[in-house]
Amino acid sequence: MKKIAILGSTGSIGTQTLEVVEQNKDMEVTALAAGSNIRLLEQQIRQFRPRLAAVWSEEKAKELRTAVADLDVQVEAGMDGLIAAATEASARIVVTAVVGMIGIRPTIAAIRAGKDIALANKETLVTAGHLIIPLVKEYGVRLLPVDSEHSAIFQCLNGEHGNRISKILLTASGGPFRGRTREQMKDIRVEDALKHPNWSMGQKITIDSSTMVNKGLEVMEAKWLFGVEMDQVQVVVQPQSVIHSMVEFEDGAVMAQLGTPDMKLPIQYALCYPERRLMGGERLDFRKLKEIRFEEPDFENFPGLSLAYEAGKTGGSLPTVFNAANERAVSMFLNRKIGYLTIVDIIESAMARHSVISAPSVDQILEAERETYDYIESRW
Ligand code: NDP
Ligand code: MG
């Protein structure tokens, strides 16, 4: 049995992970953690029978305890609950599918407990990659990417033991506003930004995809996962999302992974690695596809991507400020407190005032996050 803990089980990745579990008879869920959606979490507990469940607020945990009193499940709350789920004794692999920097501590705890990590939560690697990567090596666990581009790169590296990567070609759909100028984007509403052309995802990452901040986070994620420099990661716009990413090797050969856009593939691949398993769903039909188009990314109208390169190259605490400012700004935009273009203005302004700390500890990362939030609150 593959015993799995899922952090963020009620979200887009979390629910798709549970669909994968349903389709594989040798998978079992031992722990589930969510933020506040206890209705869905209760259904998941009844169906998958984990030993442990965690929700963020103590109040909701109490409610959930009453709701599942007839079952043999321990319900925990807060960061302790999230860490308990991440370290549940019988789990072999932890799917980190919470959204945001909240994922740092539980991911570290899971690694220290010897669990393999199926990593969806890119914000953790972006802000704490310098701590996570050495820890993964120290504890001898596997860090298996779930993000579709990184799973594609990971698949392209199969059998390439030690062969040097010259470049990672990270593909991007360009989002719903590809081709527009900043002037044409100033009146974008929440509803417009929540429509992604190819992928169906959680709200925060959907907004991030529209601003290209998601691609910026992914460049930093790739840097840590594959041990390359920021300049070796080149973003290529490929609007149909058919190529999920590519790797160019020293001899000039380029390997690519292609497929229909469905997150269940990278999720199942991470859970079953190195095995490939039967999976239903649509297949690419190249006769219908006819062509695959490429464009250069538009750094001028999507400055979030340039800021990400700046943050990733500088390193230290700057990626944390980039990420924290974005997390807060996106949430303000979703709550209709700021306009669309202000998201990236906030990131730029927060980065400009920050004094970078090199190799920050977890506490320093969380302090930089807090300071960024305070600054944003004082100005917007
Ligand atoms: P969603 O917003 O759909 O889901 C987020 C999950 O995190 C929910 O289960 C939510 O619980 C939970 N959560 C939020 N806050 C807390 C908290 N304080 N404690 C515990 N759980 C919490 O996000 P996605 O699934 O889209 O994304 C998850 C991560 O995966 C992100 O880092 C994203 O960048 C990454 N990712 C997502 C992809 C996608 O296709 N969706 C693709 C590649 C990467 P609740 O709903 O109950 O509040
Ligand atoms: Mg992605």
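What counts and how
Residues numbered from 1 in each chain as written. Chains lettered and ligands numbered in written order. Predicted model: local features only at pLDDT ≥ 70, side-chain atom pairs only at ≥ 80, totals over all residues. Heavy atoms only, no water. UniProt positions renumbered as here; feature names shortened; annotations may be inferred. Donors = N, O, S within 2.8 Å, 3.2 Å for Na, K, Ca; no water. Helix = DSSP H or I, 4+ residues; strand = E, 2+ residues; numbered from the N terminus. Buried < 20%, exposed > 50% of the residue type's maximum accessible area, 1.4 Å probe, protein only. Polar contact = N/O pair within 3.5 Å; in protein donor to acceptor, adjacent residues only side chain to side chain. Contact = heavy atoms within 4.5 Å. Near = heavy atom within 4 Å. Areas by Shrake-Rupley, 256 points an atom, 1.4 Å probe, with all protein chains shown as cover. Nonpolar A, V, L, I, M, F, W, Y, C, P; charged D, E, K, R; others polar. Pairing = 2+ DSSP bridges. Axes fitted to C-alpha atoms, helices over the stretch in contact; angles between N-to-C directions. Parallel < 35°, antiparallel > 145°, perpendicular 65-115°, else oblique. Left-handed = near helix turned anticlockwise from the far one by under 90°. Salt bridge = Lys/Arg side-chain N within 4 Å of Asp/Glu carboxyl O.

- Going by the annotation in an unreviewed UniProt entry, the name recorded for the chain is 1-deoxy-D-xylulose 5-phosphate reductoisomerase, with Candidatus Lachnoclostridium stercorigallinarum given as the source organism.
- If you open the UniProt record of the chain and go to Sequence similarities (unreviewed entry), you find "Belongs to the DXR family."
- Per UniProt, the comment on the chain under Catalytic activity (unreviewed entry) is "2-C-methyl-D-erythritol 4-phosphate + NADP(+) = 1-deoxy-D-xylulose 5-phosphate + NADPH + H(+)".

Examining the coordination of the magnesium ion (ligand 2)
Stage number 1. With distances of 2.1 to 2.2 Å, the protein atoms coordinating the magnesium ion (ligand 2) are Asp147 (OD), Glu149 (OE) and Glu218 (OE).
Stage number 2. Read in sequence order, the donor residues for the magnesium ion (ligand 2) give the motif D-x1-E-x68-E. Here the residue Asp147 occupies a position in the loop between strand 7 (143-145) and helix 7 (148-156), and Glu218 occupies one in helix 11 (residues 213-226), the gap between them amounting to 71 residues. Residue Asp147 shares its accessibility class with Glu218, and that shared class is buried.

Side note on the side chain of Glu248
Stage number 1. Take Glu248: it is sitting in strand 10 (residues 243-249).
Stage number 2. A polar contact of 2.7 Å, which involves the side chain of Glu248, links it to the side chain of Ser166.
Stage number 3. Sequence-distant contacts of Glu248, that is, excluding residues within four places in its chain, are made with Ile165, Ser166, Lys167, Leu169, Ala253 and Val254.

Observations concerning the site of ligand 1
Stage number 1. Around ligand 1, 25 residues are found, and the nearest of them are Thr10, Ser12, Asn37, Glu123 and Gly202.
Stage number 2. With respect to ligand 1, the backbone of Asn37 contributes an N or O atom lying 2.8 Å from an oxygen atom.
Stage number 3. One nitrogen or oxygen atom from the main chain of Ala120 is found 3.5 Å from an oxygen atom belonging to ligand 1.
Stage number 4. Protein chains shield 86% of the accessible area of ligand 1, which is 890 Å² for the free molecule.
Stage number 5. Of all the secondary-structure elements, those providing two or more residues to the shell around ligand 1 are helix 1 (12-23) and helix 6 (122-139).
Stage number 6. Each residue belonging to the shell around ligand 1 can be placed in one class, and the counts come to 12 nonpolar, 10 polar and 3 charged.

Here's the deal with the UniProt feature "domain: 1-deoxy-D-xylulose 5-phosphate reductoisomerase N-terminal" (unreviewed entry) in the chain
Stage number 1. Those places that UniProt annotates as "domain: 1-deoxy-D-xylulose 5-phosphate reductoisomerase N-terminal" (unreviewed entry) correspond, in this numbering, to residues 4-129.
Stage number 2. For residues 4-129, the helix share is 47%, the strand share is 22%, and the end-to-end C-alpha distance is 23 Å.

Side note on the sheet that holds strand 4 (residues 74-77)
Stage number 1. Taking strand neighbours across the sheet as the criterion, the 7 strands line up as 4-3-2-1-5-6-7 in an open arrangement whose pairing is parallel. Of all strands in the sheet, those with a lone pairing partner are strand 4 and strand 7, marking the two edges. The mean inter-strand angle of the sheet, taken between neighbouring strand axes irrespective of direction, is 20°.
Stage number 2. Two elements, strand 3 (residues 52-55) and strand 4, share 4 bridges in a ladder whose sense is parallel. Bridging from a neighbouring strand, Val55 pairs with Ala77 of strand 4.
Stage number 3. The strands touched by helix 2 (residues 38-48) within the sheet are strand 2 (27-34) and strand 3, with strand 2 carrying the most contacts at an inclination of about 160°.

Points about the packing of helix 15 (residues 318-334) against helix 17 (residues 362-379)
Axis angle and axis distance: for two packed helices, these are the angle between their axes and the distance between the axes, and together they describe the pair.
Stage number 1. Orientation of helix 15 relative to helix 17, taken along the N-to-C sense of each, is 45°, at an axis distance of 9 Å. On the basis of their axis angle, the class for helix 15 and helix 17 is oblique. Our pair here, helix 15 against helix 17, has a crossing hand that is right-handed. Across from Thr320, Val321, Ala324, Ala325, Glu327, Arg328 and Met332 in helix 15, the residues of helix 17 making contact are Ile365, Ala368, Glu369, Thr372, Tyr373, Ile376 and Glu377.
Stage number 2. Classifying every residue of the contact of helix 15 with helix 17 gives 8 nonpolar, 2 polar and 4 charged.

Considering the pattern of salt bridges
Stage number 1. Enumeration according to the criterion identifies 33 salt bridges in this entry.
Stage number 2. For Asp187, the salt bridge goes to Lys186, with nearest N and O atoms at 3.9 Å.
Stage number 3. By relative accessible area, Asp187 is classed as exposed at 62%.
Stage number 4. One salt bridge connects Arg277 with Glu275, and the closest N-O pair in it is separated by 3.0 Å.
Stage number 5. The class for Glu275 is partly exposed, based on a relative accessible area of 39%.
Stage number 6. Salt bridges sharing partners connect three or more residues here, namely Arg39, Glu42, Arg46, Glu63 and Asp70.

Concerning the environment of Met27
Stage number 1. For Met27, the position within the fold is in strand 2.
Stage number 2. Classification of Met27 as buried rests on a relative accessible area of 7%.
Stage number 3. Residues Met27 and Arg287, spaced 260 residues apart in sequence, show a C-alpha to C-alpha distance of 36 Å.
Stage number 4. When near neighbours in sequence (up to four residues on either side) are disregarded, Met27 contacts Met1, Lys2, Ile4, Val20, Val21, Leu271, Cys272 and Arg277.

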